[in-house]
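# Architecture at a glance
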Amino acid sequence: MAYGCMSTPVAFILFTILTLAVCHGARPRELDVVKVPRRNLLKNGLGHTPQMGWNSYNHFPCQLSEELIRQMADAIVSTGLSALGYEYINLDDCWAELNRDSKGNLVPQASLFPSGMKALADYVHSKGLKIGIYADAGTLTCSKQMPGSLGYEQQDANTFASWGIDYLKYDNCHNQGVSPQERYSKMGKALLNTSRPIFYSLCEWGFEDPATWAPSIGNSWRTTGDIKDTWESMISCADINNEWASYAGPGGWNDPDMLEVGNGGMSTEEYRSHFSIWALAKAPLILGCDIRSMDNDTFELLSNKEVIAVNQDKLGVQGKKVRKNGDLEVWAGPLSENRVAVILLNRSGFSGATVTAKWDDIGLNSSTVVDARDLWAHSTMHSVKDQIKATVESHACKFYVLTPQ
């Protein structure tokens, strides 16, 4: 919870140089062109690929209950989404009482979680899923309805581990002016001390450039303020997140906030662009809609195996914006087996625009011949040379994986 967003190898190094050289988008700060490949995985061994799952906040802000979480766990399994990799069921703010108990422990609200958090975790685990929880690196959470964990890091980490928690989203409200590196490092160490593998998701909002220091602390870090269910907010989050692409990789990922797909504020094509950019950018795919009642269009977007495969590709290189011509953009990134993922995006309000990605924009040799797989049409164009182009409607995109012949 925060303010809105509006506010490998040698081949990869060469790709980074080429893409940054032709990108003309606004840059909030200068980044080094070439980055040393990321450090080894954190000691928790998690985050080989971006996390996938569901979080309560976007659709159910401070509307939690034991029944809701059980139903979401049931739904993510019955719809088949869990089989596609969506494995975390995450509670956001407002699950605990405002006051700790006499021993200083966090206390789940008894009216909302009558069976207790351990029983809820056991239920989620019985479905073959994992459960996540929310806390804050301050004195209160953002809602001011439950205590923060500042000064209670080890005690709260021990509590989470004793309940069987698998994931922690750690927010940034009421932080008393203490540096984020200090506050987030303490919780990171506390989680490791429990000896339970707990995915650590830092929600620092990008205020102190967490991409530059969080990779040694957590498995993902927010680069932006809170997303809203509008085209303007979503695309702004994408732009901000893009600036930090070189810092992401296996074990730690840039996080432009959760998915809004299916919440009703954007069109189907806008949601398609949203999901496509998040997949290419190796962003966490954390659903934020009501899985129990999603329509066919929403399910079709969120269950596209080919798009998910780009996000979960084992190479783990974040795709980025590589060419910009007004509101017409090319986003691209390398995949395993010498493939390249490409998005042709029309950000303008005008339909029927032609967007072109030339091979030198996306790191391919000019003589390369590829098969181009359209991930949304599920069709393949063979023996494509020099460039790929398409007519793209307003706020829509085309998404391809190019495989050299």
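Structural data are supplied above this passage.
What this report covers is the structure whose coordinates are included nearby. (Residues numbered from 1 in each chain as written. Predicted model: local features only at pLDDT ≥ 70, side-chain atom pairs only at ≥ 80, totals over all residues. Heavy atoms only, no water.)

### Remarks on the packing of helix α4 (residues 153-163) against helix α5 (residues 180-193)
Relative orientation of the contacting elements α4 and α5 amounts to 40°, with a least axis distance of 8 Å. Judged on the interaxial angle alone, α5 and α4 are oblique. Relative to α5, α4 is oriented so that their crossing is right-handed. Between α4 and α5, the contacting residues are E153, Q154 and A157 on the first element and K186, M187, K189, A190, L191 and N193 on the second. Residue composition of the contact of α4 with α5, by class: four nonpolar, two polar and three charged. (Axes fitted to C-alpha atoms, helices over the stretch in contact; angles between N-to-C directions. Helix = DSSP H or I, 4+ residues; strand = E, 2+ residues; numbered from the N terminus. Parallel < 35°, antiparallel > 145°, perpendicular 65-115°, else oblique. Left-handed = near helix turned anticlockwise from the far one by under 90°. Contact = heavy atoms within 4.5 Å. Nonpolar A, V, L, I, M, F, W, Y, C, P; charged D, E, K, R; others polar.)

### Focus: the sheet that holds strand β4 (residues 167-171)
The strand order across the open sheet built from eight strands is β7-β6-β5-β4-β3-β2-β1-β8, with neighbouring strands paired in parallel fashion. Every other strand in the sheet has two partners, leaving β7 (253-255) and β8 (285-287) as the edge strands with one partner each. Strand-to-strand, the axes of this sheet are offset by a mean angle of 25°, without reference to chain direction. Two elements, strand β1 (residues 52-55) and β8, share three bridges in a ladder whose sense is parallel. From the neighbouring strand, W54 faces β8, where its bridge partner is L287. (Pairing = 2+ DSSP bridges.)

### Focus on the packing of helix α6 (residues 231-242) against helix α7 (residues 268-280)
How two helices sit against one another is set out by the angle between their axes and by the gap between those axes. Direction vectors running N to C along α6 and α7 enclose 15°, while the axes themselves pass 11 Å from each other. With respect to α7, the element α6 is oriented roughly parallel. Between α6 and α7 the crossing geometry is left-handed. Contacts between α6 and α7 involve W231, M234, I235, C237 and A238 from the first element and E270, S273, H274, I277 and W278 from the second. Here the residues of the contact of α6 with α7 are counted per class, giving seven nonpolar, two polar and one charged.

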